[in-house]
Amino acid sequence: MNNNNNDNKKKKIEWRLIEEKWRRKWDEQKIFNIDPDFSKKKYFITVAYPYPNSPQHIGHGRTYTLADVHARYMRMKGYNVLFPMGFHYTGTPILAMSRRIAAGDKELLETFQNTYHVAKDTIKSFVEPIKIASYFHNEIKLGMKEMGYSIDWRREFTTIDKLYSKFISWQFNTLRNKGLIVQGSHPVGWCPKDQNPVSQHDTIGDVEPDFNEYTLIKFKLDDGYIVPTATLRPETIYGVTNLWVNPKVEYVRIHIDNERWIVSKEAARKLEFLNHNVAIESSIYGREIVGKYVEDPVRKVSIPLYPASFVESNNGTGIVMSVPAHAPYDFQAIEDLKQNISLRNEFVELKVDVIPITIIGSEDYTPDVNNDHPISPAAKMIMKYKIKDQDDPQLEKATNELYSQEYYKGKMLQNTQKYVGMPVSLAKDRIKKEMILSGAADVMFELINKPVRCRCGTECVVKLLNDQWFLNYGDEKWKNLAHECLDKMDIIPEEIRQEFNYVIDWLRERACARKSGLGTKLPMDHDWIIESLSDSVIYMSYYILAKYVNNNSILDGDNKLMTNTANDVDVVAIVDNLNDSFFDYIFLGNGNASHIAVECKISLSLLEEIRNEFSYFYPLDARHSGRDLIQNHLSFFIFNHAAIFRREHWPKKIVVNGSVLMEGKKMSKSLANIIPLRTAIEEYSADAVRLAMLGSAELLQDADFSFDAIKGIRSTLDDIYNMAINYSTAKLKPGSSLVSSMTASEMKREIEDRWLVSRLQNYITDITVSMDKSRVRKALHDILYMFDQDLQWYKKRINAKNREDSAIVLTLSIFLKSRIRMLAPFAPFISEEIWQIIGDESHSIIFAGWPNVNEDKRDLVAEESEQLIINIISDLQNILKVTKISPVKIIIYTSAGWKQKIYQKILSFILLKNKTNFGDIMKQLIKDPETAKAKNDPKLIRNIVEDILSDPIEARNRRLKLTVFDEIFPLKDAKMLLSIESGNAQAEIILHSEDDTQKYDPKEKSKYSRPFKPAIYIE
Ligand SMILES: [Zn+2]
């Protein structure tokens, strides 16, 4: 290792050659083709299959890379790991894209040409939707191979494959038999142009349309017209003082069902989608009704309409009710209106004289009964948050705080008729129901995250859809099963579990079919096609079947004539002949195998083989996905598995990760910062791209992909590679003893050798824990940087001693081999390459396995020794910096034996009794004659206590175990290094124990020494 010629020569890594070589070798050896092996524990990992309407970019890569690292790690731990991949063709996005191409959409054409680099002729073919899918399918697959994903490609499929459609039909029949698919009228997100329900996959920016059910309370004008207002707090009807209307908005008078209403134009349209019969009669400006009065439908009191510019025509009905005692916004708006003389002057005789009516009390608010108009809860919030006007951003906080206070702790007051004393959470629903029954109110659904745009560009609405097919995620029994499944699962990171609980509780009926798009027809109604978030929830089990289709054991009907492989492959089934009983047997073990074999014209042995393979690989051990899919895909995955599969086949783990930023910014087409994965690999190498995705953040955080980081990573990988080359050269250097001729016992292993190997055991322990918890950033950081720090120190030590012995080779061999094996799941290409140099030339590093901790190699004395040397050098350099002495003699005093006894006693008192009180410690010390001396030197005791408390916990534990530790020995061992590090390699190092009677101590420094903190004197 001291061969400097080698140390300075850096060999450039031929990334492309290395990557090609290992891809070829993995292919040739078929090491990712995984079949059942009943002698081995299995581990089944999947990640959401991609949608092939664009190439994968850096943003997609994170989830797949995490899954691959997980798969490779488990393989090295000895599991038979299956990691398969399919392609999701279902739905409208590919269709929509194809139409945009046909229409000559400029933006899309430019994206294809300039960002995705698709050839012009190929783009022309994209008017056929399937051409888009197959082009990007291929592109994504190539990218996954180039990234080194350890996928079993024999199990690839698309969701429009014939057998897949049969499988999805079986899923839906099974759910229907269990009563979980219902037909009825339910609200859905809707594209008015496509006349189709929309969910996350159908919208621009992948937003799930989220809507709320509002209560529409009907206030009546003198002329018989109804002015409805939408609210989420119907119980506050008792506190309404006025309505707000925007004078500048053009409203419409409508004939709706059998009534006449005034609402905004937008509201009239929304009501039509909610199945109301709406006819517009005439328009009317808001200002025309400002100042008029309406009758409240519950208390039958007269209420004025006030002008408000903050009322938006697109929210609710465009007119809102005002409850100033309980809504801080309303309270502030009335105050503002009182001040706004010019606005009031626009309307003749507009008096603003309403007084807030408090109708809810709570623990935090009890009204003053002696005061006719006590200060209201909203007014209190306004004061608490020091709100100035209605534009104050703090209003939002005030509103939320009051809302949850009243919802959870509030009770209705005496001015609320029969609801007096009722908790608000209960009164809210009762009042709503009664008002609807009496005709005083109606309901209205409204998007709360609008605008949501369909991929066709149209703004989505909520539609009340009749006779539509729904998955009834609102079913209580189904919810309970989903909770039971979730409770048994590992959710990583655990903190995200609450989000799943929330979604499971919150999900309700969900439209599961569309009128257009690719996919499987609904088996009970062939006019409908099953949508993409419903046919992608149990397909993990389909990977078992796909293998048999791809190897022609199950023939797709279309192929049966052209394939003449009966001689080499056992052709024993045809897709067309398979029915639901086939799937019932494979996935549920239901039915009689021999009968089913006859019924489905499949050989009994094949049927049993597939069933056995399913039983071997299921349940799924880990599902990887992005965090954005918790609210739909991942929760549906839980629901459907819980409904369809037996308990022993329910999934065991979900791993969720955050997204990827590009140089700190969100990736978007408008920022032109979307980089296709394959482009990045070409430029920076697959390994560097993998590490850059994983190294910047723990799971849930957004990772930041930066070009500086990726360059830094590549140079670190360069160093690791070169170190391996140098090591292998040193190993073979003529004259040095060869590893093969050495045995550990004949070798003189020095402190630093023992230290490095002991540190390695700590790293293996820590990194294994991190990997098991999917804390990949931490694991990677240890492998790349902490290992390096230790290597640098080790080199310093051996160089200072001028060592050139065989123990170095053995030590480094152990250290580097373990490091490379731990790096292998992250950076598979370079790890294989290095393994060929320093490890086993004939086998992939995967078979080398994950390193195990060797407890015998833990060496507390060596760890303490090196730490002591590191600390002394740092102390020494600090003193030299302050005093600016150029040292000739450096005298180091280790502490007296009695101080060490005191130290041990205090340490065990703190660690074992968990006490740090100085008085208690002193008492303990004085009690024991061996340490009674402590009472003469309270300052020393204080210092020792402080030393211990400021040491890391691992150091404290180590010292507790090390009852005897001679500090002189390691210092003697490091004399040369101490001189070098003092800046004068000629400086003389003199070591004394404080106990030495003959010591040289002109300035009486030795008395300042403490255990593990020797004193230093410099001349
Ligand atoms: Zn649309």
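Residues numbered from 1 in each chain as written. Predicted model: local features only at pLDDT ≥ 70, side-chain atom pairs only at ≥ 80, totals over all residues. Heavy atoms only, no water.

Colleague: Sorry, what's going on with the overall build of the protein chain here?
Modeller: Looking only at helices and strands, the protein chain features 35 helices and 32 strands. For the protein chain, the spread of C-alpha atoms along the principal axes amounts to about 115 × 95 × 55 Å. Per-residue burial for the protein chain yields a buried fraction of 55% across its 1019 residues. Within the protein chain, counting contacts between residues at least 6 apart in sequence, those at least 24 apart form 75% of the total. Summing over all exposed atoms, the protein chain offers an accessible surface of approximately 44900 Å²; the carbon and sulfur share of this is 49%. Put simply, the protein chain has 136 plus and 139 minus side-chain charges, and the middle of one group is 3 Å from the middle of the other. (Helix = DSSP H or I, 4+ residues; strand = E, 2+ residues; numbered from the N terminus. Buried < 20%, exposed > 50% of the residue type's maximum accessible area, 1.4 Å probe, protein only. Contact = heavy atoms within 4.5 Å. Areas by Shrake-Rupley, 256 points an atom, 1.4 Å probe, with all protein chains shown as cover. Lys, Arg positive; Asp, Glu negative; His and termini not counted. Charge placed at Lys NZ, Arg CZ, Asp CG, Glu CD.)

Colleague: How should the sheet that holds strand S29 (residues 703-705) be read in this particular structure?
Modeller: What links the strands of a sheet is backbone hydrogen bonding, and the strands pair in either a parallel or an antiparallel sense. Read across the open sheet, the 3 strands follow the order S28-S27-S29; overall the sheet is mixed. Single-partner strands in this sheet number two, and they are strand S28 (665-666) and S29. Direction of pairing for strand S27 (residues 660-662) relative to S28: antiparallel, over a ladder of 2 bridges. The residue of S28 that forms the bridge with Met662 is Lys665. In the packing of helix H3 (residues 58-76) onto the sheet, contacts are made with S27 and S29, and the angle to S27 comes to roughly 145°. (Pairing = 2+ DSSP bridges. Axes fitted to C-alpha atoms, helices over the stretch in contact; angles between N-to-C directions.)

Colleague: Where do I start with the packing of helix H25 (residues 751-772) against helix H29 (residues 860-883) in this structure?
Modeller: Each packed pair of helices is defined by two parameters, the angle between the axes and the distance between the axes. One can describe the packing of H25 onto H29 by two numbers: an axis separation of 8 Å at closest approach and a directional angle of 105°. It follows from the interaxial angle that H25 and H29 lie roughly perpendicular. Contacts from Ile751, Glu752, Arg754, Trp755, Ser758, Arg759 and Asn762 in H25 reach Val861, Ala862, Glu863, Ser865 and Glu866 in H29. Looking at the contact of H25 with H29 residue by residue, the classes come out as 4 nonpolar, 3 polar and 5 charged. (Parallel < 35°, antiparallel > 145°, perpendicular 65-115°, else oblique. Nonpolar A, V, L, I, M, F, W, Y, C, P; charged D, E, K, R; others polar.)

Colleague: What is the right way to look at unusual backbone geometry in this model?
Modeller: Apart from glycine, the bulk of residues carry a negative phi angle, and the bulk of peptide bonds sit in the trans form. The linkage connecting Lys450 with the following residue, Pro451, adopts the cis geometry, with an omega of 0°. Tracing the sequence through the fold places Pro451 in the loop between strand S16 (441-447) and strand S17 (461-472). With a phi angle near 50°, Gln417 is a residue other than glycine that sits in the positive phi range. As for its placement among the helices and strands, Gln417 is situated in the loop between strand S15 (411-412) and helix H14 (424-437). Among the residues examined, Gln417 registers a relative accessible area of 47% and is labelled partly exposed.

Colleague: Which parts of the structure should I look at to understand the packing of aromatic side chains?
Modeller: Aromatic ring pairs: the centre-centre distance and the angle between the two ring planes describe each pair. Within this structure, the stated rule accounts for 55 aromatic pairs. Taking 6.1 Å as the distance between ring centres and 25° as the angle between the ring planes, the aromatic pair formed by Phe614 and Phe645 counts as stacked. Residue Phe614 is located in helix H20 (residues 604-617), and its partner Phe645 is located in the loop between helix H21 (630-644) and strand S26 (653-657); the two are separated by 31 residues in the primary sequence. Across this residue pair, the class does not change: Phe614 and Phe645 are buried. Between Arg72 and the ring centre of Trp26, over which it is positioned, the NZ or CZ distance is 4.7 Å. Its guanidinium or amino end placed over the ring of Tyr1000, Lys889 lies 5.4 Å from that ring's centre, counting from NZ or CZ. (Phe/Tyr/Trp six-rings, centres within 6.5 Å; stacked < 30°, edge-to-face > 60°. Lys NZ or Arg CZ within 6 Å of the ring centre and 35° of its normal.)

Colleague: Is there a simple way to explain a negative patch on the surface in this structure?
Modeller: On the surface, Glu663, Asp702, Asp704 and Asp708 cluster together into a patch of negative charge. Within the secondary structure, Asp708 sits in helix H24 (residues 707-732). Relative accessible area serves as the criterion here: at 64%, Asp708 is assigned to the exposed category. (Patch = residues over 30% accessible without salt bridge, like charges linked within 9 Å, V, L, I, M, F, W, Y side chains within 5 Å. Salt bridge = Lys/Arg side-chain N within 4 Å of Asp/Glu carboxyl O.)

Colleague: Just to check I follow, could you spell out the coordination of the zinc ion for this structure?
Modeller: Six octahedrally arranged donors around a metal ideally form angles of 90 or 180 degrees; four tetrahedrally arranged donors ideally form angles of 109.5 degrees. Bound to the zinc ion on the protein side are Cys191 (SG), Asp194 (OD), Cys454 (SG) and Cys456 (SG), at distances that span 2.2 to 2.3 Å. One can describe the site at the zinc ion as tetrahedral: its 4 donor atoms subtend angles covering 97 to 116° at the metal. Considered as a linear motif, the donors of the zinc ion on their single chain read C-x2-D-x259-C-x1-C. Linking Asp194 in the loop between strand S3 (181-191) and strand S4 (196-197) with Cys456 in the loop between S16 and S17, this pair joins segments that are 262 residues apart in sequence. Assessed through its relative accessible area of 31%, Asp194 is described here as partly exposed. Cys456 sits in the partly exposed class, given a relative accessible area of 29%. (Donors = N, O, S within 2.8 Å, 3.2 Å for Na, K, Ca; no water. Tetrahedral: all angles 85-135°; square planar, octahedral: opposite > 155°, others 65-115°.)

Colleague: Can you walk me through helix H33 (residues 953-961) in this structure?
Modeller: Spacing of three or four residues puts side chains on the same side of an α-helix, whose turn is 3.6 residues. For H33, the complete set of buried residues consists of Ala955, Arg956, Arg958 and Arg959. Buried residues of H33 fall within an arc of 165° about the axis and therefore sit on the same side. Turned more than 90 degrees off the buried face of H33, the exposed positions are Ile953, Glu954 and Lys961. (Arc of directions from axis to C-beta.)

Colleague: Just checking my understanding: could you explain a positive patch on the surface for this structure?
Modeller: The grouping of Lys913, Lys915, Lys923 and Lys927 at the surface amounts to a positive patch. Its place among the elements puts Lys927 in helix H31 (residues 918-927).

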